[in-house]
Amino acid sequence: MKIAVDVMGTDYGPAEIIKGVLQAVSEYGCDVVLVGDQEVIRRELAREHQENNPRVTIHHASQVIEMQDHPGISVKKKKDASIVVATHLLHEKECDALVSSGSTGAAVASALFGLGRIRGIERPAIATVIPNVKGATVLVDSGAKVDAKPEQLVQNAIMGSIYAELQLGIPQPRVGLLNIGEEETKGNEQCLATYPLLKKDPHIHFIGNVEGRDINKGTVDVVVCDGFVGNVVLKTMEGLAAAVMEILKKTLMESGLFAKLGALLMKPALLRMKKQMDASEYGGALLMGVRAPFIICHGSSKAKAIKNAVRVAIELTQKDVVGRIRQEIMHDEESGEL
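Residues numbered from 1 in each chain as written. Predicted model: local features only at pLDDT ≥ 70, side-chain atom pairs only at ≥ 80, totals over all residues. Heavy atoms only, no water.

Caption draft 1: How the structure looks around the overall build of the protein chain. Looking only at helices and strands, the protein chain has 12 helices and 11 strands in total. For the protein chain, whose C-alpha radius of gyration is 21 Å, the value lies close to the compact-globule estimate of 20 Å for 338 residues. For the C-alpha atoms alone, the extent of the protein chain along its principal axes is close to 65 × 60 × 35 Å. The contacts in the protein chain between residues at least 6 apart in sequence include a share of 73% that link residues at least 24 apart. As displayed, the protein chain has an accessible area near 16,100 Å², and 53% of this comes from carbon and sulfur atoms. Within the protein chain, one finds 39 positive and 42 negative side-chain charges whose respective centroids are separated by 4 Å. (Helix = DSSP H or I, 4+ residues; strand = E, 2+ residues; numbered from the N terminus. Rg over C-alpha atoms; globule rule 2.2 N^0.38 Å. Contact = heavy atoms within 4.5 Å. Areas by Shrake-Rupley, 256 points an atom, 1.4 Å probe, with all protein chains shown as cover. Lys, Arg positive; Asp, Glu negative; His and termini not counted. Charge placed at Lys NZ, Arg CZ, Asp CG, Glu CD.)

Spelled out as structure tokens, the structure:
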């Protein structure tokens, strides 16, 4: 198992990425190819006293696509950008999966141009795992494509169901269409056109419209929406989770002695709650619909998130999630159901 990791173009720089990679190598026993400026990578490896680690190799890339760069144009012009080079390694099967925490737009564009879509998939989608009170919910799409046709949302539902079944171990996952109400007649033109298509598709367990609050209640396993709505939902939830923990900590620190003693007794439970709500525990998100495992992380990912993203990349490769999606979509194409 060999994972390509793009170490450039992130909020915290290569240091955090390399720390996370080294943790993953130690814990999961995988081989990793670090893609980026070789001098920077060597310096960071030396700082961690891992410059001679046999499981870590360097593949030099002289260019970087920054967050502010136009994704499509930059991927075409910067042929030696780290994400482009890493995608080429994946395409040529020199690596089994790829992890990137750089520009999401550049990652999606590089995957489309460098890997290509699975036959039958119109547009790829990002599947993000969100914790709920009973386990986890898969949100599809969380940012790959801001607009989506009804037929593309149906494909997202099929891919999300396969992901939930294989990666989360949920048999016959419940699929919901994110809407402003549960009634079949609610929603914008996109939702109204998508609902009957999801309802008649035999490959998904469609339970109807769901609202934003259902995502964390555990009443649905896969939530389908376009990338614009999904990204807003994701960022709002992450901000809220961080705010709740910060408000709780501040309130306890400003309270009296008995409250602090109570918090001390509750510390193990609070730590478990924090871990369950921590997005970095779930690593990266799979870009579904492209021809190889392609994991996208937040630009603000730190070492812990990167370590878990490598774990997710290994698991998805071992379970052949991409292969299962390909088989399902090809079967639907041949039967005329897509």
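Caption draft 2: Spatial organisation of the confidence of the model for the protein chain. In the predicted model, the protein chain carries a mean pLDDT of 91, and the fraction of residues at 70 or more is 95%. In the model of the protein chain, helix α10 (residues 257–277) stands out as the element of lowest mean pLDDT, 71, in contrast to strand β9 (residues 222–224), which has the highest, 98. (pLDDT = per-residue confidence, 0-100.)

Caption draft 3: Just the packing of helix α6 (residues 150–167) against helix α7 (residues 189–200), in detail. Close contact between α6 and α7 brings their axes to 9 Å; oriented N to C, the two are set at 50°. In terms of orientation, α6 and α7 fall into the oblique class. Like other packed secondary-structure pairs, α6 and α7 cross with a definite hand, here right-handed. Where α6 abuts α7, its residues P150, E151, L153, V154 and A157 lie against Q190, A193, T194, L197 and L198. (Axes fitted to C-alpha atoms, helices over the stretch in contact; angles between N-to-C directions. Parallel < 35°, antiparallel > 145°, perpendicular 65-115°, else oblique. Left-handed = near helix turned anticlockwise from the far one by under 90°.)

Caption draft 4: Summary view of the pairing of strand β3 (residues 56–60). Across five bridges, the pairing between strand β2 (residues 31–36) and β3 is parallel. Each residue of the ladder has a partner; that of L34, found in β3, is I58. The handedness of the β2 to β3 crossover, carried by helix α2 (residues 38–47), is right-handed. (Pairing = 2+ DSSP bridges. Right-handed = clockwise from strand over helix to strand, strands pointing away.)

Caption draft 5: Expanded view of helix α11 (residues 303–318). Compared with an ideal rise of 1.5 Å per residue, which puts 16 residues at 22 Å, α11 spans 23 Å between its outermost C-alpha atoms and is within 8% of the ideal. The element α11 is extensively covered by neighbouring structure, given that 12 of its 16 residues are classed as buried. Two residues or fewer after α11 comes D320, characterised by a positive phi angle close to 50°. (Expected span 1.5 Å × (residues − 1). Buried < 20%, exposed > 50% of the residue type's maximum accessible area, 1.4 Å probe, protein only.)

Caption draft 6: Broad picture of unusual backbone geometry. With an omega of 15°, the peptide bond between V140 and D141 qualifies as cis. Checked against the element boundaries, D141 lands in the loop between β6 (136–140) and α6. Positive phi, close to 60°, is recorded for H49, a residue that is not glycine. Within the secondary structure, H49 sits in the loop between α2 and β3. By relative accessible area, which is 68% here, H49 ends up exposed. With a phi angle near 50°, D320 is a residue other than glycine that sits in the positive phi range. Take D320: it is sitting in the loop between α11 and α12 (321–335). D320 gets classed as partly exposed once you look at its relative accessible area, which sits at 41%.

Caption draft 7: Representation of the pattern of salt bridges in the model. Considering all chains together, one arrives at 12 salt bridges under this definition. Among the salt bridges present, the one from R174 reaches D221, with a minimum N-O distance of 3.0 Å. With R174 in strand β7 (residues 174–178) and D221 in the loop between α8 (214–217) and β9, this pair connects stretches of sequence that are 47 residues apart. We classify D221 as buried; its relative accessible area is 8%. (Salt bridge = Lys/Arg side-chain N within 4 Å of Asp/Glu carboxyl O.)

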